[in-house]
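Here is what each chain is made of, one letter per residue.
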Amino acid sequence: MIGTGYVGLVSGACFADFGHVVTCVDKDASKIERLEQGIMPIYEPGLDQLVAKNVKEERLFFTTDPADAIKNADAVFIAVGTPSRRGDGHADLSYVYGAAEEIAQLMDGYTVVVTKSTVPVGTGDEVEEIIRKTRPDAEFAVVSNPEFLREGAAIKDFKVPDRVVVGTEEERAKEVMSELYRPLYLNETPILFTARRTSELIKYAANAFLAVKITFINEIADLCEKVGANVQEVSRGIGLDNRIGKKFLNAGPGYGGSCFPKDTLALTKTANDHGAPIRIVDTVVEVNAARKKAMATKIIDAMGGDVSGKTIGMLGLAFKPNTDDMRDAPSLDIIPALQAAGAKVRAYDPESMKEASHMLEDVVFCDGPYHAIEGADAMVIVTEWDQFRALDLDRAKTMLNENIVVDLRNIYAPADMAKRGFKYVSVGRE
Ligand code: UGA
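The shown structure was predicted, so the numbers you read here are calculated from the model rather than taken from an experiment.

**A short note on the side chain of R59**
Item 1. Within the secondary structure, R59 sits in the loop between α3 (47-56) and β2 (60-63).
Item 2. One polar contact links the side chain of R59 to the main-chain carbonyl oxygen of A16, over a distance of 2.8 Å.
Item 3. A polar side-chain atom of R59 sits 2.6 Å from a polar atom in the side chain of E57.
Item 4. Filtering out sequence-adjacent residues up to four positions away, R59 remains in contact with A16, D17, G19, H20, V21, V22 and N54.

**What about the site of the ligand?**
Item 1. In the vicinity of the ligand lie 19 residues, with E147, E151, K203, N207 and C259 positioned nearest.
Item 2. R409 has a polar side-chain atom sitting 2.9 Å from an oxygen atom of the ligand.
Item 3. Surface burial for the ligand is 93%, taken as the share of its 710 Å² of free accessible area covered by protein chains.
Item 4. Listed by contribution, the elements that provide at least two residues to the shell around the ligand are α9 (196-227) and α11 (260-273).
Item 5. Counting residues per element, the shell around the ligand draws most heavily on α9, at three residues.
Item 6. A class-by-class count of the residues in the shell around the ligand yields nine nonpolar, three polar and seven charged.

**Describing helix α12 (residues 279-302)**
Item 1. Across its 24 residues, α12 extends 33 Å between first and last C-alpha, which sits within 8% of the 34 Å expected from 1.5 Å per residue.
Item 2. Bending of α12 peaks at approximately 30° at the position of K292.
Item 3. Turning to α12, its buried residues are V281, V284, N288, R291, K292, M295, A296, K298, I299, I300 and A302.
Item 4. Immediately beyond the C-terminal end of α12, within one or two residues, lies G304, with a positive phi of roughly 95°.

**What about the pattern of salt bridges?**
Should their charged atoms come close, side chains of opposite charge can pair.
Item 1. A complete count under the given rule lists 26 salt bridges for this structure.
Item 2. The partner of R196 in a salt bridge is D125, and the shortest N-O contact between them spans 2.8 Å. In this pair, R196 is assigned in helix α9 and D125 in helix α6 (residues 123-134), connecting sequence segments 71 residues apart.
Item 3. A relative accessible area of 29% means that D125 is categorised as partly exposed.
Item 4. Notably, a salt bridge pairs K310 with E402, separated by 3.8 Å at the nearest N-O pair. On the criterion of sequence distance, the pair formed by K310 in the loop between α12 and β8 (311-315) and E402 in the loop between α16 (393-399) and β12 (404-407) is long-range, its members being 92 residues apart.

**With respect to the pairing of strand β3 (residues 75-78)**
Item 1. Of the two faces of β3, the one holding A75 and F77 and the one holding V76 and I78 are both buried throughout.
Item 2. Pairing geometry for β3 and strand β4 (residues 111-115), over four bridges, is parallel. Pairing of A75 across the sheet is with V112, part of β4.
Item 3. Taken together, β3, helix α5 (residues 94-106) and β4 form a β-α-β motif whose crossover is right-handed.

**Description of unusual backbone geometry**
Item 1. In this model, E58 sits at a positive phi of 60°, which is unusual for a non-glycine residue.
Item 2. Looking at where E58 falls in the secondary structure, it is placed in the loop between α3 and β2.

**With respect to a positive patch on the surface**
Item 1. There is a patch of like positive charges on the surface, built from K156, R236, K246 and K247.
Item 2. Looking at where K247 falls in the secondary structure, it is placed in the loop between α10 (231-239) and α11.
Item 3. Assessed through its relative accessible area of 63%, K247 is described here as exposed.

**Topic: the nonpolar core**
Item 1. Counting residues in each nonpolar core, the largest one holds 58 residues, and the members touching the most others are I299, I312, M314 and L338.
Item 2. For this core, the leading source of residues is α12, giving five residues.
Item 3. M314 has contacts with I334, I335, L338, V345, R346, A347, Y348, A372, V380 and V382, leaving out every residue within four places of it along the chain.
Item 4. M1, L60, A173 and V176 belong to the second-largest nonpolar core, a separate cluster that totals 41 residues.

**Describing the domain arrangement of the protein**
Item 1. Considered domain by domain, the protein is made up of domain 1 (6-194) and domain 2 (213-430).
Item 2. Distance from the C-alpha centre of domain 1 to the C-alpha centre of domain 2: 33 Å.
Item 3. Contact with domain 1, which involves 16 residues of that partner, is made by 18 residues of domain 2.
Item 4. Each partner contributes to the roughly 1300 Å² buried at the junction of domain 1 and domain 2, and carbon and sulfur atoms together form 50% of this total.
Item 5. By the criterion of area lost to domain 2, the three top residues of domain 1 are Y43, H90 and E151, representing 48% of everything that side buries.
Item 6. The tally of links from domain 1 across to domain 2 stands at one salt bridge.
Item 7. Across the pair R327 and E151 runs a salt bridge, and its minimum N-O distance is 4.0 Å.
Item 8. Taken together, the connections running from domain 1 to domain 2 amount to five residue pairs in polar contact (both at pLDDT 80 or more).
Item 9. Residue composition of the side of domain 1 that touches domain 2, grouped by class: six nonpolar, six polar and four charged.

The rules we used
Residues numbered from 1 in each chain as written. Predicted model: local features only at pLDDT ≥ 70, side-chain atom pairs only at ≥ 80, totals over all residues. Heavy atoms only, no water. Helix = DSSP H or I, 4+ residues; strand = E, 2+ residues; numbered from the N terminus. Polar contact = N/O pair within 3.5 Å; in protein donor to acceptor, adjacent residues only side chain to side chain. Contact = heavy atoms within 4.5 Å. Near = heavy atom within 4 Å. Areas by Shrake-Rupley, 256 points an atom, 1.4 Å probe, with all protein chains shown as cover. Nonpolar A, V, L, I, M, F, W, Y, C, P; charged D, E, K, R; others polar. Expected span 1.5 Å × (residues − 1). Bend = angle between axes of the 7 residues up to and from the residue. Buried < 20%, exposed > 50% of the residue type's maximum accessible area, 1.4 Å probe, protein only. Salt bridge = Lys/Arg side-chain N within 4 Å of Asp/Glu carboxyl O. Pairing = 2+ DSSP bridges. Right-handed = clockwise from strand over helix to strand, strands pointing away. Patch = residues over 30% accessible without salt bridge, like charges linked within 9 Å, V, L, I, M, F, W, Y side chains within 5 Å. Lys, Arg positive; Asp, Glu negative; His and termini not counted. Charge placed at Lys NZ, Arg CZ, Asp CG, Glu CD. Core = buried A, V, L, I, M, F, W, Y, C linked by side-chain atoms within 4.5 Å. Domains from an automatic or database assignment. Buried area = accessible area lost by both parts, 1.4 Å probe.

Below you can see the structure in the form of structure tokens.
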């Protein structure tokens, strides 16, 4: 497994737990050292135990030296980063290509090279080309095997997936991939074999579709606010239609994270480059970016239109619960906009404050939710961590200067909050 980022580490640990022998390779020596000591570079529920167990049982190894790992491998996974390239939004493939070259130099015997990183259509062809050029004698196949792991639920998503997509038309490679995923046959997980380019596109299409779904319900939420309807009931009302499905219909402050923003952008670039623009995704990218910014205005309006000199207590900073990931989190748009309007921000997040402290300025990071709202003029819920769902609201009231609650995740019931004497503003509900 080349790369011990989110995907590489979770996939490596899960494959090891299936009984395979996995070596995770990373250039970052201190990361490898920490992993060997059982210290995880990311927060993902259950990952530390899974890694510890498989290290102890000698199925999972960490190294900075790719030589042995690659030489002896039946399959080598490329799970390195594909960040958005500065300036044009295309996925930056330099790490993928670098890994391909390294693998080519070191592989021995028939090797299946698998791209697990999210890569634009045609990357597999390029990887194949690089390997062939570097090692004209090599016996290998390049396969696309996209991941569909949600942060915070990644282990379950890996072990009990809705489907596994494998992009290859080579029989020998199909056999190796089938063997790797054999433990899933017991759960009757569909394993979909497709052509490589199709598989690469499935990944982008899946993420873009989910981003469209979220953005759709977010815009319906805005309309609900105007016409006095309730977006949660609209979601339920449409989601019970099996053709629509009820998941990913929670209105909120806009999607963030390491995947949807990057992948939607990369898909629109690819589509435009090929003269087949996907206008719905162009629009979603634009609407979502504007939405994250608009959330600050929503908070300011809830506080009477002027926040200068006021204090806001933020609950949640990460882009979603059960992760410390701050990438493209709505809080990164909301907090600077509130500060620019003159507000002071206090914040608490169970996992992401360390990460957030590098990305935000002048925020008072607090010890817990009540500490964050102490002396604040409003409490704003940005991430729906479980521990925020059943706050002691009477205690919250004694902490707040003004009983204003802005709930950007709709975790409380409007009628109940009104009864308790709060001025309560949520998303798409009255
Ligand atoms: C997403 C996909 O769900 C995974 O299938 C995919 O493998 C992954 O990207 C990836 O490409 O690696 P992730 O970014 O971890 O996973 O998080 P999601 O649970 O999908 O949430 C993304 C964003 O959408 C979050 O900001 C979340 O708050 C928001 N969201 C999600 C909503 O606003 N409403 C919803 O109903 C669902």
